[in-house]
Amino acid sequence: MAGEAPEPNAQEKAGKAFPVSWDQFHRDCRALTWRLNEVGPFHAVIAITRGGLVPAAIVARELGVRVIDTVCIASYDHTKQGDLQVLKGISEAAMKLGGGTGKGLLIVDDLVDTGKTGKLVREMLPDAHFATVYAKPKGRPLVDTFITEVSQDTWIFFPWDTALSYHPPLRDGAA
Ligand SMILES: O=P(O)(O)OC[C@H]1O[C@H](OP(=O)(O)OP(=O)(O)O)[C@H](O)[C@@H]1O
Ligand SMILES: O=c1[nH]c(=O)c2nc[nH]c2[nH]1
Ligand SMILES: [Mg+2]
């Protein structure tokens, strides 16, 4: 109806912002690898694109894993979650390395939020180890290893989605 306010997107609903710099992200990925090093070794890393590509590269480098595959899933159009779309599945070669169930494979993503994306990939590879850098409470039970938990009403801003910009001083009304 004309004049009706548009429904708030996930970021607007979230309310709190958690901006992450490249430095912080690199440190958090290294911390994640310390934990994963206790769990491996892994035959291959499966990155959930696109957000999982950056942590997957860092984690694979630290763990000395050379085989990286992708599962390409789209759900959020910027900040609004729609139906999950699998744009590319896991390759036959990676499936073989995981014995068909994902045993010895490491799934990596930048975060779990509602857990919908993670749940779908877990169904494809039930025996794989699932690691994310950040986790929100709803998705947390799906993840085997993560580094930092943020509240469900927090929106994480990743360095590849953001740029430095002017911020007005506090006394002028900045939050
Ligand atoms: O736990 P969920 O509620 O499913 O949300 C988490 C997923 O959402 C984001 O991906 P997005 O769909 O935005 O695609 P992108 O990785 O290409 O940015 C993020 O990278 C996770 O993969
Ligand atoms: O950049 C992002 N930050 C988030 O907090 C989030 N949750 C789902 N998808 C997300 N993307
Ligand atoms: Mg993603």
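Note that this is a predicted model, so its numbers are computed, not measured.

Caption draft 1: Main features of the side chain of Thr132. Residue placement: Thr132 occurs in strand 6 (residues 129–135). What makes Thr132 buried here is its relative accessible area of 0%. A polar atom in the side chain of Thr132 sits 3.0 Å from the backbone oxygen of Tyr134. For Thr132, the contacting residues outside a window of four places in its chain are Leu32, Asp109, Asp110, Leu111, Val112, Val143, Thr145, Phe146 and Ile147.

Caption draft 2: Highlighting the site of ligand 2. In the vicinity of ligand 2, the contacting residues are Tyr76, Leu111, Asp113, Lys136, Trp155, Ile156, Phe158 and Asp161. One of the side-chain N or O atoms of Asp113 is found 2.6 Å from a nitrogen atom in ligand 2. When isolated, ligand 2 has an accessible area of 280 Å², and the protein chains bury 87% of it. Here the shell around ligand 2 is built from residues that sort into five nonpolar, no polar and three charged.

Caption draft 3: The arrangement of the UniProt feature "binding site: Mg(2+)" (unreviewed entry) in the chain in detail. UniProt feature "binding site: Mg(2+)" (unreviewed entry): in the numbering of this structure it lies at Asp110. Take Asp110: it is sitting in strand 5 (residues 105–112). Sequence-distant contacts of Asp110, that is, excluding residues within four places in its chain, are made with Gly51, Gly52, Pro55, Thr132, Val133, Tyr134, Phe158 and Trp160.

Caption draft 4: Here's a closer look at the packing of aromatic side chains. The full count for this structure, using the stated rule, is seven aromatic pairs. When the centroid spacing of 5.9 Å and the interplanar angle of 75° are considered together, the rings of Phe18 and Tyr134 count as edge-to-face. Taken together, the residues span a long stretch of sequence, with Phe18 in strand 1 (residues 16–19) and Tyr134 in strand 6 at a distance of 116 residues. Aromatic pair Phe25 and Phe158: ring centres 5.9 Å apart, planes at 90°, arrangement edge-to-face. Residue Phe25 is found in helix 2 (residues 22–37), and its partner Phe158 is found in the segment after strand 8 (154–157); the two are separated by 133 residues along the sequence. In this pair, the class of Phe25 matches that of Phe158, namely buried. Cluster of aromatic residues (ring-pair linked, three or more members): Phe18, Trp22, Phe25, Tyr134, Phe158 and Trp160.

Scoring rules and cut-offs
- Residues numbered from 1 in each chain as written.
- Chains lettered and ligands numbered in written order.
- Predicted model: local features only at pLDDT ≥ 70, side-chain atom pairs only at ≥ 80, totals over all residues.
- Heavy atoms only, no water.
- Helix = DSSP H or I, 4+ residues; strand = E, 2+ residues; numbered from the N terminus.
- Buried < 20%, exposed > 50% of the residue type's maximum accessible area, 1.4 Å probe, protein only.
- Polar contact = N/O pair within 3.5 Å; in protein donor to acceptor, adjacent residues only side chain to side chain.
- Contact = heavy atoms within 4.5 Å.
- Near = heavy atom within 4 Å.
- Areas by Shrake-Rupley, 256 points an atom, 1.4 Å probe, with all protein chains shown as cover.
- Nonpolar A, V, L, I, M, F, W, Y, C, P; charged D, E, K, R; others polar.
- UniProt positions renumbered as here; feature names shortened; annotations may be inferred.
- Phe/Tyr/Trp six-rings, centres within 6.5 Å; stacked < 30°, edge-to-face > 60°.

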